[in-house]
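Residue-level listing of the chains:
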Amino acid sequence: MEFSKDFLKAKSPCAAGFRWFIRHQHEGRDYQLLLDNLVRDGRIEDACWLLSQFGATDAELHLDHLEAEALVFAGSVIVHGDVRVAGVLRVGRSLQVGAGIRAARLEAGEDILSGGAIFCGGALQAGGTVKAAWSIETQGGLACEKLRTGWGLDCQGDLTLSGEGQIGQELLVAGDIRCAKSLRSGGALTALGNIHASHGIDAGGDVHCGKHLQADWGIRARGAIVAAGAIKAGETLQAQGDICAGPGYGVYAGLSVQMDAWEDCATVRAARKPEGLVSGCWQAQGADRAVA
């Protein structure tokens, strides 16, 4: 892709960025070269804006290791070893790394795949799958389609998934969790904000929610289910420990099924009958079922 002054001006760039383009006489120059020069001159946000305006390419950058202050690449980046970027790492398509990834901000138009751990000092965003063989830690929010980790996830912002999430060990989120499909964790699942999964929630330990907890299908925990607000399930609620909603809030099961089907599709099982159980079919251990 080649650029002209008029071609770029049609995208309404900022005045400072357009002056830089004219001053450096980049007219007719290669797209990736322009991105590289912007990054070299410290104009990282201008490079990111340019990539957002003109989109990804099919180019591939193959490296043994990547260590840089910043990188904005329009195609895919494939690294056999590890990645260490002090600032922004943004790729138009996929980032495939054989070992770990560390960056201050990480974004890909498609997938981010790591053979080790991922540490991001800010927000992490991908248009496709984010997959780490080990753990993921972000100091900001995490947004992608599908998410998969071999170990745990520690996200210090909101977690937003347009698909499913599967966390190998503990899941900790400092903000809200919004998941368009199912959410699974091998250990405890904790969010300080709201949790909403459009399918089901399955945790290998406790589920702790700082606000309201909702799954449009069922919720299952191999520990307790505790929320500061309401607990709502479209179908079943199952916990090996207690199920506790916040003071003054209710516990709801079977919100997506008819009342006549509660006995089969909206059972509530826990160590003790939850206080404030509003709907669903309570089933104590070794006892007959009873509708709430």
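Above this note sits the structure.
Residues numbered from 1 in each chain as written. Predicted model: local features only at pLDDT ≥ 70, side-chain atom pairs only at ≥ 80, totals over all residues. Heavy atoms only, no water.

Undergrad: Explain the pairing of strand β7 (residues 101-108) to me, using residue names and the numbers behind them.
TA: Pairing between strand β5 (residues 83-91) and β7: seven bridges, direction parallel. Within the sheet, the bridge partner assigned to Val88 lies in β7 and is Arg105. The pairing of β7 with strand β9 (residues 118-120) spans three bridges and is parallel. Counted as the bridge partner of Arg102 is Phe119 from β9. The sheet contact formed by β7 and strand β10 (residues 124-126) spans three bridges and is parallel. If you follow Ala108 over to β10, its bridge partner there is Ala126. (Pairing = 2+ DSSP bridges. Helix = DSSP H or I, 4+ residues; strand = E, 2+ residues; numbered from the N terminus.)

Undergrad: Please set out the pattern of salt bridges residue by residue, giving values where relevant.
TA: One pass over the full model with this rule turns up twelve salt bridges. Two residues, Asp202 and Arg222, come together in a salt bridge whose shortest N-O distance is 2.5 Å. With a gap of 20 residues between them, Asp202 in strand β23 (residues 201-203) and Arg222 in the loop between β26 (219-221) and β27 (225-227) connect regions that are remote in the sequence. Residue Asp202 is classed as buried on the basis of its relative accessible area, which comes to 18%. (Salt bridge = Lys/Arg side-chain N within 4 Å of Asp/Glu carboxyl O. Buried < 20%, exposed > 50% of the residue type's maximum accessible area, 1.4 Å probe, protein only.)

Undergrad: Which residues make up the packing of helix α3 (residues 31-40) against helix α4 (residues 44-54), and what values go with them?
TA: Relative orientation and spacing of two packed helices are given, respectively, by the angle between their axes and the distance between those axes. At a closest axis distance of 7 Å, the pairing of α3 and α4 adopts a crossing angle of 155°. Taken together, α3 and α4 sit at an angle that is classed as roughly antiparallel. For α3 against α4, the interelement crossing comes out left-handed. Side by side, α3 and α4 meet where Tyr31, Leu34, Leu35, Leu38 and Val39 of the first sit next to Ile44, Asp46, Ala47, Leu50, Leu51 and Phe54 of the second. Each residue belonging to the contact of α3 with α4 can be placed in one class, and the counts come to ten nonpolar, no polar and one charged. (Axes fitted to C-alpha atoms, helices over the stretch in contact; angles between N-to-C directions. Parallel < 35°, antiparallel > 145°, perpendicular 65-115°, else oblique. Left-handed = near helix turned anticlockwise from the far one by under 90°. Contact = heavy atoms within 4.5 Å. Nonpolar A, V, L, I, M, F, W, Y, C, P; charged D, E, K, R; others polar.)

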